[in-house]
Amino acid sequence: RRFRSAERYEAVTREMLRTYDVRVRKWRSSMSGVAWQVTYRDGSVSRLIEAPKPKGPMSAAIFLHEIGHHAIGFRTYTPRCYEEYKAWEWSINAMDEHGLNITDRVHQRMRESLEYALAKARRRGLKRIPSELLDYFDRTERYSTLTAPVARARLGLPTRPHAPSRASSVASGS
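Computed from a prediction, not measured in an experiment: that's the story for all the values here. (Residues numbered from 1 in each chain as written. Predicted model: local features only at pLDDT ≥ 70, side-chain atom pairs only at ≥ 80, totals over all residues. Heavy atoms only, no water.)

Colleague: Break down the overall build of the protein chain for me, citing the residues and quoting the values.
Modeller: A count of helices and strands for the protein chain gives seven helices and three strands. Traced from its N-terminal end to its C-terminal end, the protein chain shows the element sequence α-β-β-β-α-α-α-α-α-α. Burial status across the protein chain gives 40% buried among its 174 residues. Long-range contacts, defined as pairs at least 24 residues apart, comprise 46% of the intrachain contacts of the protein chain with a sequence gap of at least 6. On the protein chain, roughly 10,500 Å² of surface is accessible, and the fraction owed to carbon and sulfur atoms is 47%. (Helix = DSSP H or I, 4+ residues; strand = E, 2+ residues; numbered from the N terminus. Buried < 20%, exposed > 50% of the residue type's maximum accessible area, 1.4 Å probe, protein only. Contact = heavy atoms within 4.5 Å. Areas by Shrake-Rupley, 256 points an atom, 1.4 Å probe, with all protein chains shown as cover.)

Have a look at this one:
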């Protein structure tokens with residue numbers, strides 16, 4: 001059984017690298033990764049990642065997250081924290097499509113990663129939080145520094161200081 005699992009991870013790894021024309025610069029021993037691309041003067045592009053070699057659910061999720069950045073395209077989604085969300089979403093969907101085990105720990109890692117990305121964006125001045133990321137908006141920040149109108153509306157708070165609540169019209173986008 002273990003042998004079949006290892007074969008499945010290896011097959012998914014080969015397929016993803018081939019499909020998205022990605023080269024692994026380095027297999028990492030840590031559960032972290034990075035994806036980038038280099039565009040040369042002649043217009044050719046090298047797609048690169050560093051990630052753990054998929055051997056289990058967590059390493060597969062991180063590897064697929066990095067592949068996901070290439071699959072969805074860099075700078076396709078803004079702000080950057082939303083791109084992270086889309087890469088994680090792509091990763092989880094790819095794991096599901098290939099029959100890989102998506103553990104509670106993988107979901108927890110996704111949550112922690114997105115909470116970190118959103119907090120970083122907020123520190124850098126993000127004012128409007130994409131609605132898909134509201135579930136990752138730190139609870140303490142939600143109640144202490146609600147400056148994002150969508151977040152305020154979702155919590156039923158006024159979107160402007162001392163204004164009547166417009167939660168239903170703002171949250172639905174009307």
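Colleague: Before we move on, can you summarise helix α4 (residues 104-123) with the specific residues and values?
Modeller: Taking 1.5 Å of rise per residue, 20 residues should cover 28 Å, and α4 covers 28 Å from first to last C-alpha, within 8% of that figure. Of all the positions in α4, only V106, M110, L114, A117, L118, A121 and R122 are classed as buried. One side of α4 carries all its buried residues, which in axial view fall inside an arc of 140°. Exposed positions of α4 whose direction lies more than 90 degrees from the buried face are D104, Y116 and R123. A positive phi of about 105° marks G125, the residue just after α4. (Expected span 1.5 Å × (residues − 1). Arc of directions from axis to C-beta.)

Colleague: Could you give an account of the confidence of the model for the protein chain, with specific residues and numbers?
Modeller: When pLDDT is averaged across the protein chain, the result is 85; 77% of the residues are at 70 or more. The low-confidence segment residues 161-174 (pLDDT under 50) makes 14 contacts with residues lying over four places distant or belonging to another chain. (pLDDT = per-residue confidence, 0-100.)

Colleague: Got a sec to walk through the nonpolar core? Specific residues and values, please.
Modeller: Residues M16, I49, F63, L64, I67 and L133 are the most contacted members of the largest nonpolar core, which totals 39 residues. Every element with two or more residues in this core is listed here: α1 (2-19), β1 (22-28), β3 (45-52), α2 (57-72), α3 (80-97) and α4. Considering every element that reaches this core, the biggest residue donor is α3, with nine residues. In contact with F63, not counting residues within four places along its chain, are T13, M16, L17, W27, I49, A51, P52 and P54. (Core = buried A, V, L, I, M, F, W, Y, C linked by side-chain atoms within 4.5 Å.)

Colleague: For α3, give the residues involved together with the corresponding values.
Modeller: Taking 1.5 Å of rise per residue, the 18 residues of α3 would be expected to cover 26 Å, and the 26 Å separating its terminal C-alpha atoms lies within 8% of that figure. In terms of residue burial, α3 counts as a mostly covered element, since 13 of its 18 residues are buried. In the segment just after α3, G99 is the residue with positive phi, at about 70°.

Colleague: Could you give an account of the environment of P79, naming the residues involved and the relevant values?
Modeller: Inspection of the secondary structure puts P79 in the loop between α2 and α3. Accessibility expressed as a relative area gives 23% for P79, which makes it partly exposed. Considered as a pair, P79 and L118 are 39 residues apart in the sequence and their alpha carbons are 9.6 Å apart. Those residues in contact with P79, other than ones at most four positions away along the chain, are L126 and P130.

Colleague: How would you summarise the packing of aromatic side chains if you had to cite specific residues and measurements?
Modeller: Taken as a whole, this structure holds five aromatic pairs when the rule is applied. Plain terms: the ring middles of Y85 and Y136 are 6.4 Å apart, the flat faces sit at 55° to each other, and that makes the pair tilted. Of the two residues, Y85 is situated in helix α3 and Y136 in the loop between α4 and α5 (139-144); the sequence distance between them amounts to 51 residues. Here the aromatic cluster, defined as three or more aromatic residues joined through ring pairs, consists of Y77, Y82, Y85 and Y136. (Phe/Tyr/Trp six-rings, centres within 6.5 Å; stacked < 30°, edge-to-face > 60°.)

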